[in-house]
Amino acid sequence: MMMKPVFNLAKFYEFAATVTIATKERGKIRMTKENLLGSQVYFIEEIARGLNDGIHEFYVLKGRQVAVTTATLLLDMFWLGKHEGLTGAFVTHDETARDMFRVTFDQIADSTQPPFKISFEINNRTQMVTTRGDNRLLYMVAGTRKNSKLGKGSALTFAHLTEESEYGDEEGLASLKATFAQENPHRLFIHESTAQGYNHWYDSWLAAKSSNTKRAIFVGWWRNDFYRKKKGSKEYEVYWDGRHTPEERKWVREIEQIYDYKIDDEQIAWWRWNLAEETKDELLMFQNFPPTEHYAFVKSGSQFFSGARINDEFK
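Rules of the game
- Residues numbered from 1 in each chain as written.
- Predicted model: local features only at pLDDT ≥ 70, side-chain atom pairs only at ≥ 80, totals over all residues.
- Heavy atoms only, no water.
- Helix = DSSP H or I, 4+ residues; strand = E, 2+ residues; numbered from the N terminus.
- Expected span 1.5 Å × (residues − 1).
- Buried < 20%, exposed > 50% of the residue type's maximum accessible area, 1.4 Å probe, protein only.
- Pairing = 2+ DSSP bridges.
- Axes fitted to C-alpha atoms, helices over the stretch in contact; angles between N-to-C directions.
- Contact = heavy atoms within 4.5 Å.
- Polar contact = N/O pair within 3.5 Å; in protein donor to acceptor, adjacent residues only side chain to side chain.
- Salt bridge = Lys/Arg side-chain N within 4 Å of Asp/Glu carboxyl O.

**Student:** Kindly report on helix α8 (residues 246-259), identifying the contributing residues and their values.
**Tutor:** Across its 14 residues, α8 extends 20 Å between first and last C-alpha, which sits within 8% of the 20 Å expected from 1.5 Å per residue. Among the residues making up α8, those that are buried are E247, E248, K250, W251, V252, E254, I255 and Y259. Of the residues flanking the end of α8, it is D260, one or two places downstream, whose phi is positive at about 55 degrees.

**Student:** Any details on the sheet that holds strand β9 (residues 188-193)? Residues and values, ideally.
**Tutor:** Sheet architecture is open: eight strands sit in the order β5-β6-β7-β4-β8-β9-β3-β10, paired in mixed fashion. With partners counted over all chains shown, the strands left at the sheet margins are β5 (120-123) and β10 (214-219), one partner each. For this sheet, the mean angle separating the axes of adjacent strands, direction not counted, is 10 degrees. Pairing analysis gives six bridges linking strand β3 (residues 57-62) to β10, with the strands arranged parallel. Directly across from E57, in β10, lies its bridge partner K214. Each of β3, β4 (87-92), β5, β6 (127-130), β7 (136-141), β8 (158-162), β9 and β10 is contacted by helix α3 (residues 68-82), which is oriented at about 165 degrees to β8, the strand it contacts most. Here helix α5 (residues 170-177) sits on the sheet in contact with β3, β4, β7, β8 and β9, set at roughly 160 degrees to β8.

**Student:** Account for helix α4 (residues 95-111), with residues named and values stated.
**Tutor:** An α-helix turns once per 3.6 residues; consequently, residues spaced three or four apart project the same way. The end-to-end C-alpha distance of α4, which contains 17 residues, comes to 25 Å, matching closely the 24 Å that a straight helix rising 1.5 Å per residue would cover. Listed as buried for α4 are A97, R98, F101, R102, T104, F105, I108, A109 and S111. Sitting at the amino-terminal end of α4 is D94, which places a side-chain oxygen 3.3 Å from the backbone nitrogen of T96.

**Student:** I'd like a rundown of the pattern of salt bridges, residues and numbers included.
**Tutor:** The final tally for this structure, using the stated rule, is 17 salt bridges. In this structure, K11 and E14 form a salt bridge, with 3.6 Å as the shortest nitrogen-oxygen distance. Within this pair, K11 and its partner E14 are both found in helix α1 (residues 9-16), separated by three residues, close to a single helical turn. Where R272 meets E248, a salt bridge forms, and the shortest distance between an N and an O atom there is 2.6 Å. Within this pair, whereas R272 is found in helix α9 (residues 265-279), its partner E248 is found in helix α8, the two being separated by 24 residues in sequence. Summarising the burial analysis for this pair, R272 and E248 share the class buried.

**Student:** Account for the pairing of β6, naming residues and giving values.
**Tutor:** Burial of the side chains of β6 extends over both faces: Q127 and V129 are buried on one face and M128 and T130 on the other. As paired strands, β5 and β6 are joined by three bridges and run antiparallel to one another. From the neighbouring strand, N123 faces β6, where its bridge partner is M128. The turn linking β5 back onto β6 is made up of three residues. Bridging between β6 and β7 involves three bridges; their strand directions are antiparallel. Pairing of V129 across the sheet is with R136, part of β7.

Here is the structure:
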């Protein structure tokens, strides 16, 4: 008999379609598959593929504002309702981020409909506990400085660590990982972050890339449907001149070769517009909106070399 997949995508999308969330670009919308961003669909389906391959821990390198964290919050709530006897953790780098994402968790919980509706006996700044009392989600703050006791006393079946590159204490992070379940078939651990140079997150990303039991997922800015300037817009007319620069040609080719994705002229127009009028710094642009995973970990502080030259040196 063929075993059922660990992650049923159709069931997840059915759950997500009952959820209403306030989004940056479109206001309050129902999170149907059609309303999810391309970056969110790609992320969720890569997680599903990994779980069905027997992978339980994921390291997600992302560009800024590609909505991966929101997609993971959906997955957190889905996982909490799908399995029994779970203790999970949502980990942020500071209290402000924790409180902000708590609002989104509440939106998800309040808007879900049967058969996915979850009711909570406790819902405060430290945890959510289901009415049945057998599932809980702990809110943890890693901090940007030393926090060597992070996670001590916990035993986690699943965890969502957001913006892990901001965490200030590697010993605390190791302490938290020591609480992760090793054999539970429903264990799920997602680490997601933008890059912040060559730090502990870079080391973790490289380790995941070479691991047989973890999976590295890169979500580029070009998977976000809003990161484009459409033909006919003022920005498109100003910033698309009909050809790529040598550096653009380099990373456009790499994106197609590595990720089987073809960048179009509207996306190039957005890239140039953002660089010229918003970010105004090439190295910071590559860090926040990396075309490929190699561009994400730029060596900050250099005033003499291009992003491509720096990354060639560090490959």
